[in-house]
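Coordinates in review
If you want the building blocks of each chain, they are given just below.
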Amino acid sequence: MSIQIETRGDVTWLTIDDGKANALSNELVADLGAALTELAGHTKALVIAGRPGRFCAGYDLKVMMAGKEAASALTAAGCRVMAQLYTFPAPVVMACTGHAMAGGALLLLCGDVRIGVEGAFKIGLNEVQIGIPLPQFGIDLVTDRLDPRAVTRATMGAHAFNPTTAAEAGFLDRTTSADALLETVHAEAERLAQLETVPYALTKRGLRQPIADKMVAEVDANLAELLG
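Quick look at the structure, then. Quick caveat, the model's predicted, so the values are computed rather than measured.

Topic: the overall build of the protein
- What the protein contains, in helices and strands, is nine helices and twelve strands.
- Against the 2.2 N^0.38 benchmark of 17 Å for 228 residues, the protein shows a C-alpha radius of gyration of 16 Å, consistent with a compact globule.
- Taken across its 228 residues, the protein has 51% of its residues classed as buried.
- Pairs at least 24 residues apart make up 74% of the contacts formed inside the protein by residues separated by at least 6 positions.
- When the accessible surface of the protein is split by element, carbon and sulfur atoms take 56% of a total near 10300 Å².
- Side-chain charges of the protein comprise 19 positive and 26 negative groups, with the mean position of each set lying 3 Å from the other.

Written as structure tokens, this is what we have:
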């Protein structure tokens, strides 16, 4: 599997590590969706971490270049998993261990608290730069999570932020050193795990379910329009 699952007290850690760039392949998307389904209602807090230097490189380019049907299927599957993560009933803390580009940056936006490692890393949405329009579900996530002043630069401008400016834009909530990252993330997840479970889940659902429902309901038609 491309995901390792570990329980640490009240917190479940999902570590993404494919030994390479942590691309959103068909396997990784399926593994993540299955893990979220299994854990919903069975953990008090969730951490999603990448491998050192790589959080997630976005959708697997081999699949995306294999034809419109393959690209559309993977992108839509990723959208559904991101919607699932965005509405996960327990607190979700992202440990952004390095680069997070394109679909990886969208995955990052699905966390409740996002803590990034300091360093020469890139976080952003480079779709327009490489000639791909940003899908509507990505726009939905961006407009909900980013500082409104950063939306145009992040999307149409395809700007790659460093961790410090990513925090200013809203991709991250804060940054910390590499040595302190995992400890800081776990402490935050443990803190959130002490909150009342049902009020947290219901409040989160009220804030995010309409957005998640829109993402999923529109994805197939939107991708058909974008990919032709």
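Some details on the packing of aromatic side chains
- One pass over the full model with this rule turns up one aromatic pair.
- Ring centres of Phe161 and Phe171 lie 5.6 Å apart, and the angle between their planes is 50°; on these two criteria the pair is classed as tilted. Separated by ten residues along the polypeptide, Phe161 in strand 11 (residues 160-161) and Phe171 in the loop between helix 7 (163-169) and strand 12 (174-176) bring together distant segments of the chain. As far as burial versus exposure is concerned, Phe161 and Phe171 are alike and both buried.
- Positioned above the aromatic ring of Trp13 is the side chain of Arg8, whose terminal nitrogen or guanidinium carbon lies 4.0 Å from the ring centre.

As for the sheet that holds strand 7 (residues 92-96)
- What the six strands build is an open sheet, ordered 1-2-4-7-9-12; its pairing is mixed. Two strands lie at the open edges of the sheet, namely strand 1 (3-8) and strand 12, each paired on one side alone. For this sheet, the mean angle separating the axes of adjacent strands, direction not counted, is 20°.
- Across six bridges, the pairing between strand 1 and strand 2 (residues 11-16) is antiparallel. Among the inter-strand pairings, Ile3 is bridged to a residue of strand 2, identified as Ile16.
- The sheet strands contacting helix 1 (residues 26-39) are strand 1, strand 2 and strand 4 (45-49), and the helix crosses strand 2 at an angle near 175°.

Quick look at the pairing of strand 9 (residues 113-117)
- Burial analysis of strand 9 places five of its five residues in the buried class, which makes it a mostly covered element.
- Residue alternation in strand 9 divides its side chains into two sets, Val113, Ile115 and Val117 and Arg114 and Gly116, and both sets are buried.
- Where strand 7 lies against strand 9, four bridges are found, and the strand directions are parallel. The residue of strand 9 that forms the bridge with Met94 is Arg114.
- Pairing between strand 9 and strand 12: three bridges, direction parallel. Note on strand 12: the bridge partner recorded for Gly116 is Thr175.

Thoughts on the sheet that holds strand 11
- Read from one edge to the other, the open sheet built from four strands follows the order 5-8-10-11, with strand pairing classed as mixed. Pairing within the sheet leaves two strands with one partner each, and these edge strands are strand 5 (53-56) and strand 11.
- Two elements, strand 5 and strand 8 (residues 98-101), share three bridges in a ladder whose sense is parallel. Bridge pairing links Gly53 to Gly98 in strand 8.

A few points about unusual backbone geometry
- At Asn22, a position not held by glycine, the phi torsion is positive, near 60°.
- Within the secondary structure layout, Asn22 lies in the loop between strand 2 and strand 3 (23-24).
- For Ala102, which is not glycine, the phi torsion reads 55° and is therefore positive.
- With respect to the secondary-structure elements, Ala102 resides in the loop between strand 8 and helix 4 (103-109).

Observations concerning helix 3 (residues 68-86)
- A rise of 1.5 Å per residue sets the reference length of helix 3, with its 19 residues, at 27 Å; its end C-alpha atoms lie 26 Å apart and thus fit the reference within 8%.
- The complete set of buried residues in helix 3 reads Ala71, Leu74, Thr75, Ala76, Gly78, Cys79, Val81, Met82, Ala83, Leu85 and Tyr86.

Quick notes on the pattern of salt bridges
- With the rule as written, the count across this model stands at ten salt bridges.
- For the salt bridge of Asp17 with Arg51, the shortest nitrogen-to-oxygen distance reads 3.0 Å. In this pair, Asp17 sits in the loop between strand 2 and strand 3 while Arg51 sits in the loop between strand 4 and strand 5, placing the two residues 34 residues apart along the sequence.
- On the basis of relative accessibility, which here comes to 31%, the residue Asp17 falls in the partly exposed class.
- For Arg114, the salt bridge goes to Asp173, with nearest N and O atoms at 3.0 Å. A residue pair is termed long-range when its members are at least 10 positions apart, and Arg114 in strand 9 and Asp173 in the loop between helix 7 and strand 12 qualify at 59 residues.
- Note on Asp173: relative accessible area 38%, which makes it partly exposed.
- Salt bridges here are not isolated pairs; linked through shared partners, they connect Asp112, Lys204 and Arg208.

About the criteria used
- Residues numbered from 1 in each chain as written.
- Predicted model: local features only at pLDDT ≥ 70, side-chain atom pairs only at ≥ 80, totals over all residues.
- Heavy atoms only, no water.
- Helix = DSSP H or I, 4+ residues; strand = E, 2+ residues; numbered from the N terminus.
- Rg over C-alpha atoms; globule rule 2.2 N^0.38 Å.
- Buried < 20%, exposed > 50% of the residue type's maximum accessible area, 1.4 Å probe, protein only.
- Contact = heavy atoms within 4.5 Å.
- Areas by Shrake-Rupley, 256 points an atom, 1.4 Å probe, with all protein chains shown as cover.
- Lys, Arg positive; Asp, Glu negative; His and termini not counted.
- Charge placed at Lys NZ, Arg CZ, Asp CG, Glu CD.
- Phe/Tyr/Trp six-rings, centres within 6.5 Å; stacked < 30°, edge-to-face > 60°.
- Lys NZ or Arg CZ within 6 Å of the ring centre and 35° of its normal.
- Pairing = 2+ DSSP bridges.
- Axes fitted to C-alpha atoms, helices over the stretch in contact; angles between N-to-C directions.
- Expected span 1.5 Å × (residues − 1).
- Salt bridge = Lys/Arg side-chain N within 4 Å of Asp/Glu carboxyl O.

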